[in-house]
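# Overview (structure and organization)
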Amino acid sequence: MKRNGWYKCINILIHEEKLNSAQPSGLVKKTYPAEVYLNGKWLAHNEAYISVFDRGFMFGDGIYEVIPFYKGIAFGLQRHLNRLSYCLNEIEIDLDVNTLREVITEAVSRAGIEDKDGAVYIQVSRGVAPRTHYFPQDAIPTVLLYGYPVQLEGFEKKQASVLVSKDLRWHRCDIKSTSLMANVRANNKAHAMGLDENTLVRKGFFTEGSHSSIFFVKFDKIYTHPEGPHILSGITRKIVTEMCRELNIKVVEKAVHIDELVEVDEIFLTGTTTQILSVKSMFRKEEDIYNSPKKGKITAKLQEAFIELTRNSS
Ligand code: PDD
């Protein structure tokens, strides 16, 4: 069901719905991990420090990765390591990601999530050097890594309400850079309105969310922005497109224009901790531009296949 119209009381409406709904997928109460791995040492989180001249701090000159663990078992580890390696290569940081494998395993046990759902966060910056815009020659990369629990169950029972905003990011969104100013601003805008995500539009076309990939279902076909410099090459996005092929669901890697929303039957977001999240409504400024209170059948089918893959295939 689709509806167009103005909601003057958008905040009140959404707030009421939020009070009645469960916590969005991927979220648990945010706390610091007890221990973090920093440059070869495991340290209490409040004893781990970096230099003020770390280029990650000064320039956001670094990249990161998030790897999910289902009941302590990594999902898509090699794909995440490959993307980390691609990003390191793109920003010319010399680090063999295979050296992190053992540390990743240790992060899971140190975080006490060997049999729980969680994630490992990895961040690599160019390291410490006197401030110059060009890359310093001899800086040693700063490596930060830690595990933490994540609520990964129950995502299929949730539905998201999202904002639509202009995509103000740079033209290398394929690099998972720690310079996330445009993403955090976009996400914060949605959060302040009681919404779950901000979905971004470049020249009229949906690219992705502030921290998720986006898919549209139209006449039983799935549309998503093609890979390239304007989106992150999402691991979950890729897994979903592979699942579609197995389920005989046609995937078209073509960006959807905001004016095409009237033809859209289902929308869902994907991501490492988001997994596959059904979108029930989209707001632009204060206008309700998409509304589908019931989860679509293709979204449900993919969620079911995703649960099977993440929970029962290892
Ligand atoms: N975010 N697009 C953006 C901009 C993202 O930041 C993310 C993930 C995705 C989904 O990618 P993947 O399926 O590989 O997680 C798409 C991560 C999890 C984060 O920033 O925490």
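Here is what the cut-offs are and how they apply
- Residues numbered from 1 in each chain as written.
- Predicted model: local features only at pLDDT ≥ 70, side-chain atom pairs only at ≥ 80, totals over all residues.
- Heavy atoms only, no water.
- Pairing = 2+ DSSP bridges.
- Helix = DSSP H or I, 4+ residues; strand = E, 2+ residues; numbered from the N terminus.
- Contact = heavy atoms within 4.5 Å.
- Axes fitted to C-alpha atoms, helices over the stretch in contact; angles between N-to-C directions.
- Domains from an automatic or database assignment.
- Buried area = accessible area lost by both parts, 1.4 Å probe.
- Salt bridge = Lys/Arg side-chain N within 4 Å of Asp/Glu carboxyl O.
- Polar contact = N/O pair within 3.5 Å; in protein donor to acceptor, adjacent residues only side chain to side chain.
- Buried < 20%, exposed > 50% of the residue type's maximum accessible area, 1.4 Å probe, protein only.

Glancing now at the sheet that holds strand S2 (residues 35-38). Taken together, six strands build an open sheet; the order of strands is S3-S2-S7-S6-S4-S5 and the sheet is antiparallel. Each of the sheet's edge strands pairs with one partner strand only, and the pair in question is strand S3 (41-44) and strand S5 (73-74). For strand S4 (residues 62-70) and strand S6 (residues 118-125), the ladder comprises eight bridges, and the chain directions are antiparallel. Across the sheet, residue Ile 67 finds its bridge partner in S6, namely Val 120. The sheet contacts of helix H3 (residues 77-90) involve S4, S5 and S6, and relative to S4 the element is tilted by about 180 degrees.

On to the domain arrangement of the protein, then. Domain annotation for the protein reports domain 1 (35-149) and domain 2 (154-311). Computed from C-alpha coordinates alone, the two centres of domain 1 and domain 2 are separated by 26 Å. Taken together, the 23 residues of domain 1 in the interface contact 21 residues of domain 2. Between domain 1 and domain 2 lies a buried interface of about 1,900 Å² when both sides are counted; carbon and sulfur atoms form 59% of it. Of the charged contacts in the structure, one is a salt bridge between Glu 90 and Arg 172, with a shortest N-O distance of 2.8 Å. Counting across the interface, domain 1 meets domain 2 through ten residue pairs in polar contact (both at pLDDT 80 or more). Listed by contribution, the elements that provide at least two residues to the side of domain 1 that touches domain 2 are S4, H3 and S6. Broken down by element, the residue count for the side of domain 1 that touches domain 2 peaks at eight residues, all from S4.

Right, let's get into the pattern of salt bridges. Counted under the stated rule, the structure contains 20 salt bridges. As a salt-bridge pair, Arg 110 and Glu 35 come within 2.6 Å of each other at their nearest N and O atoms. One end of the pair, Arg 110, is in helix H4 (residues 101-110); the other, Glu 35, is in strand S2, and 75 residues separate them in sequence. Taking relative accessible area as the criterion, Arg 110 reaches 35% and is therefore assigned partly exposed. With relative accessibility at 25%, the residue Glu 35 sits in the partly exposed group. For Asp 61, the salt bridge is made with Arg 55, and the minimal N-O distance between the two is 2.7 Å. Judged by its relative accessible area of 10%, Asp 61 falls in the buried class. A network of salt bridges, in which partner residues are shared, links Lys 71, Asp 117, Glu 153 and Arg 311.

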